[in-house]
Amino acid sequence: MKKPARRDGTPDRNNKKQRPTRSETGGRTRSEAGGRPDRAEAGHRSGRPDAAKGKPGRPDPAAKNKRGKPKSAKPQRAQAQAPKISNAKPARHQYADADRPVGPPQGDGMRLQKVLAQAGVASRRAAEELISQGRVEVDGRIVIEQGLRIDPENAVVRVDGVRVVVQKDLVHLALNKPRGWQSTMSDDLGRPCVGDIVSERVAAGQRLFHVGRLDADTEGLLLLTNDGDLAHRLMHPSFEVSKTYLATVSGALERGVGKKLKEGVELEDGPAKVDTFTLLDINEGKSLVRVTLHEGRKHIVRRLFDAVGHPVIRLVRTDIGAVALGDQRPGTLRVLGRGEVGGLYGAVGL
């Protein structure tokens, strides 16, 4: 007897006909009973994966190919793994070029154009143009990139081959020492000395010392600095820094005197000679000459002219390397210019 339909008259779809079991079909499969074949049975016949066991891609061991050999599993396409994403930042110099010279970190030091501006080379804008033109050198390497930071206390900076002093605490002065003054920073006898001229600077904390000496009767150019390395090299004879003097000597000089001085004169402490000799004037039994030499022995100019029979009456030193006395008045100081300082450093290999 069929169950009645729903109250609204539609048939009851939930009432599905139950499938016959093996016991009802006499032990036969569904296909033998005239129904749809069982999944396990169909998979076994076709050699396809055992769907009943839920293991796709594994062939049935009993399945064979046309040659009677067991079938092998079909190659599966490898699935590309998704790339792993890392938000970690790389190391600061992880990909740095090993051949590239590594300068100071960008966060340290002072910008090169600012250093050049403070050294009086040029304005910042003009300094940037010098850098872009390849005219600036730092520690032996030409710099063309903008914004490079350097350590002004240790870096060696050159512009057009001339060294630029970038240390703020370095002082380079030119003094026109008057005649009769001692080349000392103090004098026990109370005589006027170089220290009296720079007393205010010394009181302000500057540790100055003179480069070489001039005897009391000699006037002219005397350098003062607090750069000990520069002062030592300027005084050392191996660097052969030239010094020029104007000498007023007694008597009218003969032609052979200059040649003799350039060839060398034997003194009590060894031979000595001048590099250049120029006769400027002869007047009233006196001769004015200009000589240049790199010797630094005591009273060397006076001793040379004494050896040739023309004692010195007045002696003025006018030049030391690239520094000239010019029209500077006696007893006055002036700060050396950038080119003069650079010339001194270049002369002694600094």
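Residues numbered from 1 in each chain as written. Predicted model: local features only at pLDDT ≥ 70, side-chain atom pairs only at ≥ 80, totals over all residues. Heavy atoms only, no water.

Moving on, we get to the layout of surface pockets. If you add up the space inside the largest pocket, you get close to 610 Å³. Contributing to the lining of the largest pocket are 29 residues, with R213, L214, G296, R297 and R317 lying nearest its centre. Residue assignment for the lining of the largest pocket shows that the elements contributing at least two residues are α6 (228-235), β10 (243-250), α8 (300-307) and β15 (312-320). Among the residues making up the lining of the largest pocket, the classes are represented as 12 nonpolar, 8 polar and 9 charged. Each of two domains, domain 2 (172-237 + 329-347) and domain 3 (242-320), supplies a minimum of three residues to the lining of the largest pocket. (1 Å grid on protein atoms, 1.4 Å probe; cavity = no way out; pocket = protein on both sides within 12 Å on 5 of 7 lines; lining within 4 Å. Points joined across faces, edges and corners; volume = space filled by probe spheres on them. Helix = DSSP H or I, 4+ residues; strand = E, 2+ residues; numbered from the N terminus. Nonpolar A, V, L, I, M, F, W, Y, C, P; charged D, E, K, R; others polar. Domains from an automatic or database assignment.)

This next bit is on the pattern of salt bridges. Here the structure, examined in full by the defined rule, presents 11 salt bridges. A salt bridge links R314 to E219, with the shortest nitrogen-to-oxygen separation between them at 2.9 Å. With a gap of 95 residues between them, R314 in strand β15 and E219 in strand β9 (residues 218-225) connect regions that are remote in the sequence. Here R297 and D269 are joined by a salt bridge, their closest N and O atoms 3.1 Å apart. Separated by 28 residues along the polypeptide, R297 in the loop between β14 (286-293) and α8 and D269 in the loop between β11 (265-267) and β12 (270-272) bring together distant segments of the chain. Sharing partners across several salt bridges, the network here consists of E268, D269, E295, R297 and R303. (Salt bridge = Lys/Arg side-chain N within 4 Å of Asp/Glu carboxyl O.)

Another aspect to go through is helix α3 (residues 124-132). Within α3, the full set of buried residues consists of A127, L130 and I131. Within α3, the buried residues cover an arc of 100° as seen down the axis, which keeps them to one side. Tucked inside the fold, the buried residues of α3 contact α2 (112-118), β2 (136-138), β3 (141-143) and β5 (157-159). (Buried < 20%, exposed > 50% of the residue type's maximum accessible area, 1.4 Å probe, protein only. Arc of directions from axis to C-beta. Contact = heavy atoms within 4.5 Å.)

Let us look at unusual backbone geometry. Unlike most non-glycine residues, D160 shows phi in positive territory, near 55°. Mapped onto the fold, D160 is located in the loop between β5 and β6 (162-164). For D160, a relative accessible area of 47% corresponds to the partly exposed category. Of note in this structure, E240 is not a glycine but carries a positive phi near 50°. Following the sequence through the fold, E240 ends up in the loop between α6 and β10.

Right, let's get into the sheet that holds β3. In space, the 4 strands of this open sheet follow the order β3-β2-β5-β6, with antiparallel pairing throughout. Both edges of this open sheet fall to β3 and β6, since each of them pairs with a single strand only. Across the sheet, the axes of successive neighbouring strands diverge by a mean angle of 40°, strand direction being ignored. In the sheet, β2 pairs with β3 via 3 bridges, with the strands oriented antiparallel. In the sheet register, V136 faces β3, and the bridge partner there is V143. Together, β5 and β6 form the strand contacts of helix α9 (residues 338-347), whose direction differs from that of β6 by roughly 110°. (Pairing = 2+ DSSP bridges. Axes fitted to C-alpha atoms, helices over the stretch in contact; angles between N-to-C directions.)

A few words on the packing of aromatic side chains. Taken as a whole, this structure holds 0 aromatic pairs when the rule is applied. Of note, R163 hangs over the ring of Y345, and the distance from its end group to the ring centre comes to 4.4 Å. (Phe/Tyr/Trp six-rings, centres within 6.5 Å; stacked < 30°, edge-to-face > 60°. Lys NZ or Arg CZ within 6 Å of the ring centre and 35° of its normal.)

Looking along a regular strand, one sees side chains alternate from face to face of the sheet. As judged from the 7 bridges shared by strand β13 (residues 276-283) and β14, these two strands associate in the antiparallel manner. Residue pairing in the sheet places I282 in a bridge with S287 of β14.

Turning next to α6. All of the buried residues along α6 are L230, A231 and L234. Seen from one end, α6 has its buried residues packed into an arc of 100°, which puts them on one side. Summarising the contacts, the buried residues of α6 are in contact with β7 (172-177), β8 (209-211), β9, β10 and α9. Measuring from the side-chain oxygen of the N-cap residue of α6 to the backbone nitrogen of D229 gives 3.3 Å; that N-cap residue is D227. (Polar contact = N/O pair within 3.5 Å; in protein donor to acceptor, adjacent residues only side chain to side chain.)

Right, let's talk about the environment of L293 for a bit. Checked against the element boundaries, L293 lands in strand β14. Distance in space between the C-alpha atoms of L293 and F277 is 9.2 Å, their sequence separation being 16 residues.

This next bit is on the nonpolar core. Ranked by internal contacts, the top residues of the largest apolar core, which has 21 residues, are L261, F277, V291, I300, V301, L304 and F305. Secondary structure elements with two or more residues in this core: β10, α7 (255-263), β11, β14, α8 and β15. Beyond its immediate sequence surroundings of up to four residues, L261 is in contact with K273, V274, F277, L304, F305 and V308. Core analysis: the next-biggest nonpolar cluster, separate from the first, contains 19 residues, L170, L325, L336 and L344 among them. (Core = buried A, V, L, I, M, F, W, Y, C linked by side-chain atoms within 4.5 Å.)

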